[in-house]
Structure formats: C-alpha cells, structure tokens
Amino acid sequence: MVNGISARIKALHVSPFLLEPDLKNCVEMLARAYAEYMGYVELGFDEENARQKAELLDNLKFKTAYHAWKLCHYMAQS
C-alpha cells in the first residue's frame, strides 16, 4: 500500500522546466489582457467597463495582469 502511494506521489512530481513554457504563456496572456484594458481606457471607457471588456474584473487577476505587463515591458527593454 505504501509503495502504491509513493509511486503516485512520484508520478505527480513535475520538473519546473516542463512547466516553464506554460508559465511564460500565462504571463504573456495576462500582459496582453492588461494592455487591452489600457487600450479601452485610452478609448474613453470607464475603468469598470474596460476591466470587463478585458476580462479583468477579478481584483487579483487585474493586479497579476498589471505585474505581468510590467514584467514583459521590462523584459522587452532589456
């Protein structure tokens, strides 16, 4: 029984290097959503409607998108 559990735990272990492309893709998608939000604001949408259009109504997602955008912007300048 213990061996079966141990094997399942080992099977669940994933190398961080395998997740890197997915994480990069996630950061880029969030950064694009924030850029989209800024575009709506620039077009004259109020903040709530701009966040709704960019699918960033959730505060945590909005903050994460901002930081992802900032990171991508910084990486592009380097």
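Cut-offs applied
Residues numbered from 1 in each chain as written. Predicted model: local features only at pLDDT ≥ 70, side-chain atom pairs only at ≥ 80, totals over all residues. Heavy atoms only, no water. Helix = DSSP H or I, 4+ residues; strand = E, 2+ residues; numbered from the N terminus. Buried < 20%, exposed > 50% of the residue type's maximum accessible area, 1.4 Å probe, protein only. Contact = heavy atoms within 4.5 Å. Areas by Shrake-Rupley, 256 points an atom, 1.4 Å probe, with all protein chains shown as cover. Core = buried A, V, L, I, M, F, W, Y, C linked by side-chain atoms within 4.5 Å. Phe/Tyr/Trp six-rings, centres within 6.5 Å; stacked < 30°, edge-to-face > 60°. Lys NZ or Arg CZ within 6 Å of the ring centre and 35° of its normal. pLDDT = per-residue confidence, 0-100.

**A closer look at the overall build of the protein**
Along the protein, the regular secondary structure elements total four helices and zero strands. In the protein, the order of α-helices and β-strands from amino to carboxyl end is α-α-α-α. Among the 78 residues that make up the protein, the fraction classed as buried is 15%. Long-range contacts, defined here as pairs at least 24 residues apart, represent 44% of the contacts in the protein between residues at least 6 apart. Summed over all atoms, the accessible surface of the protein reaches about 6500 Å², with 61% contributed by carbon and sulfur.

**Details of the nonpolar core**
Across soluble globular proteins, you tend to see nonpolar side chains buried next to one another. Judged by nonpolar contacts, Leu-30, Ala-31, Ala-33, Tyr-34, Tyr-37, Ala-50, Ala-54, Leu-56, Phe-62, Ala-65 and Ala-68 together constitute the single largest core of 11 residues. For this core, the elements supplying multiple residues, two or more each, are helix H2 (16-42) and helix H4 (59-77). In terms of residue count, H2 provides more of this core than any other element does, five residues in total. Beyond its immediate sequence surroundings of up to four residues, Ala-33 is in contact with Ala-54 and Leu-56.

**What to know about unusual backbone geometry**
Positive phi, close to 60°, is recorded for Glu-55, a residue that is not glycine. Mapping Glu-55 onto the fold places it in the loop between helix H3 (47-53) and H4.

**A few points about the packing of aromatic side chains**
The geometry of an aromatic ring pair comes down to the distance between the two centres and the angle between the two planes. Evaluation of the coordinates by the stated rule reveals seven aromatic pairs. An aromatic cluster is defined as three or more aromatic residues linked by ring pairs; in this entry it consists of Tyr-34, Tyr-37, Phe-62, Tyr-66 and Trp-69. If you follow Arg-51 out to its NZ or CZ, it ends over the ring of Phe-62, 4.1 Å from the centre.

**Quick word on the confidence of the model for the protein**
Taken as a whole, the protein shows an average pLDDT of 84; of its residues, 76% reach a score of 70 or greater. Within the protein, helix H1 (residues 2-12) has the poorest average pLDDT of any element, 55, and H3 the best, 98.

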